[in-house]
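Observations on the three-dimensional arrangement
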Amino acid sequence: MDERICSKCGVSKPETSEFFGKRGNAARGGLRPDCKACVSESNRRYREANGERIRGQKAAHRAANPEASRSREAAYMSTPEGRATRYRNSAKWNRSSEGRLFYAITQLRRRAEASGLLANFTADDWHRCLELFEDACAYCGATETLTQEHVIPDSKGGPYTATNVVVACRPCNTSKHDSDMETWFRSQTFFTPVRLARIVAHVNGA
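As a starting point, this report considers the structure included with it. (Residues numbered from 1 in each chain as written. Predicted model: local features only at pLDDT ≥ 70, side-chain atom pairs only at ≥ 80, totals over all residues. Heavy atoms only, no water.)

Attention now goes to the side chain of H202. Looking at the secondary structure, you find H202 in helix 9 (residues 193–203). Dropping the residues within four chain positions of it, H202 is found in contact with C129, L132, F133, A162, T163, V165 and V166. (Helix = DSSP H or I, 4+ residues; strand = E, 2+ residues; numbered from the N terminus. Contact = heavy atoms within 4.5 Å.)

This part covers the pattern of salt bridges. This model, assessed by the stated rule, comprises 11 salt bridges. A salt bridge links R45 to E41; the nearest nitrogen and oxygen atoms lie 3.4 Å apart. Taken together, the residues span about one helical turn, with R45 and E41 both in helix 1 (residues 36–49) at a distance of 4 residues. Its relative accessible area of 47% is what places R45 among the partly exposed residues. Among the ionic contacts, a cluster of salt bridges with common partners joins E41, R44, R45 and E48. (Salt bridge = Lys/Arg side-chain N within 4 Å of Asp/Glu carboxyl O. Buried < 20%, exposed > 50% of the residue type's maximum accessible area, 1.4 Å probe, protein only.)

Tracing the backbone through its elements, the reader meets I199 in helix 9. Apart from residues lying up to four places away in sequence, I199 is in contact with F133, A138, Y139, V151, V166, M181 and F185.

Now for the environment of E98. Its place among the elements puts E98 in helix 5 (residues 97–114). Taking the C-alpha atoms as reference points, E98 and A123, 25 residues apart in sequence, are found 8.3 Å from one another. Setting aside its immediate chain neighbours within four residues, E98 contacts W93 and H127.

Before going further, it helps to examine the packing of helix 1 against helix 2 (residues 51–64). Packing of helix 1 against helix 2 leaves a shortest axis separation of 5 Å and a crossing angle of 85°. Between helix 1 and helix 2, the angle falls in the class roughly perpendicular. In this structure, helix 1 uses Y46, R47, E48 and A49 to contact helix 2, whose residues at the interface are G51, R53 and I54. Looking at the contact of helix 1 with helix 2, its residues break down into 3 nonpolar, 1 polar and 3 charged. (Axes fitted to C-alpha atoms, helices over the stretch in contact; angles between N-to-C directions. Parallel < 35°, antiparallel > 145°, perpendicular 65-115°, else oblique. Nonpolar A, V, L, I, M, F, W, Y, C, P; charged D, E, K, R; others polar.)

This part covers the packing of aromatic side chains. Given two aromatic rings, one states the distance between the centres and the angle between the planes to describe the pair. According to the stated counting rule, one finds 7 aromatic pairs in the structure shown. Summarising the aromatic geometry, the rings of F121 and Y160 are spaced 4.9 Å apart at their centres and angled 35° between planes, so their arrangement reads as tilted. Here the residue F121 occupies a position in the loop between helix 5 and helix 6 (123–132), and Y160 occupies one in the loop between strand 5 (146–150) and strand 6 (165–169), the gap between them amounting to 39 residues. Members of the aromatic cluster, each reached through a chain of ring pairs, are Y139, W184, F185, F190 and F191. Sitting over the face of the ring of F20, R4 holds its NZ or CZ atom 5.4 Å from the ring centroid. (Phe/Tyr/Trp six-rings, centres within 6.5 Å; stacked < 30°, edge-to-face > 60°. Lys NZ or Arg CZ within 6 Å of the ring centre and 35° of its normal.)

To continue, consider the pairing of strand 6. Counting buried residues along strand 6, 5 of its 5 residues qualify, which places the element largely inside the surrounding structure. The alternating pattern of strand 6 places V165, V167 and C169 and V166 and A168 on opposite faces, both of which are buried. Sheet topology note: the strand 5/strand 6 ladder contains 5 bridges and is antiparallel. In the strand pairing of strand 6, T147 is matched with A168. (Pairing = 2+ DSSP bridges.)

Moving on: the packing of helix 2 against helix 3 (residues 66–77). In the contact formed by helix 2 and helix 3, the axes pass within 5 Å of each other and the chain directions differ by 110°. As summarised for this structure, helix 2 and helix 3 are arranged roughly perpendicular, according to the angle between their axes. Touching H61, R62, A63 and A64 of helix 2 are P66, S69 and R72, all from helix 3. When the residues that make up the contact of helix 2 with helix 3 are grouped by side-chain class, the tally is 3 nonpolar, 2 polar and 2 charged.

Among the secondary structure elements, E149 is positioned in strand 5. Since its relative accessible area comes to 1%, E149 is described here as buried. Separated by 2.6 Å, the side chains of E149 and Y139 make a polar contact. Non-local contacts of E149, meaning those with residues more than four positions away in its chain, are made with Y139, N164, V165, V166, A168, N173, K176 and H177. (Polar contact = N/O pair within 3.5 Å; in protein donor to acceptor, adjacent residues only side chain to side chain.)

These figures come from the coordinates and say nothing about function on their own.
Listed below in structure tokens is the structure:
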């Protein structure tokens, strides 16, 4: 079998389409002078260096050609390779912090809606809540195992909305359960008027 020396890495490889990409040049057997491994590495470096510009160009093209983009995407996703890519991307996203947050919020919204309660809490609401309470429990100030806590419990008609959810560590969330917030909070050794005032202001939308 004839071999060819890659013009980039200088390694001799079989002169076949398995190692060299095709190109319309009959004089060179219709194959590129650089091997597939070198082309792949070159493309990878280019994408890393120009990622933002490439993403912008793709977004602009999709916006200008929505029907063609949807058709192309549907055609790709109907192939085994497309389905595998979608599965890998979905699994990776579901394992991410944003994926887990989206799943948790979706479940809580469905539960609230099933009980006939208003449910419009979003991931952005949660991020704002974390910022307001400085990534710490609104009640005791702990920073571990933070959860979404309903000030008015859903068992007592509390909606799943931005003003009825505060940041709470898991022990506080479990301890409070469906108790009246202020009554429960005042009975805790870590109670402070400052924290209560912040919670009340949040609940009142201030």
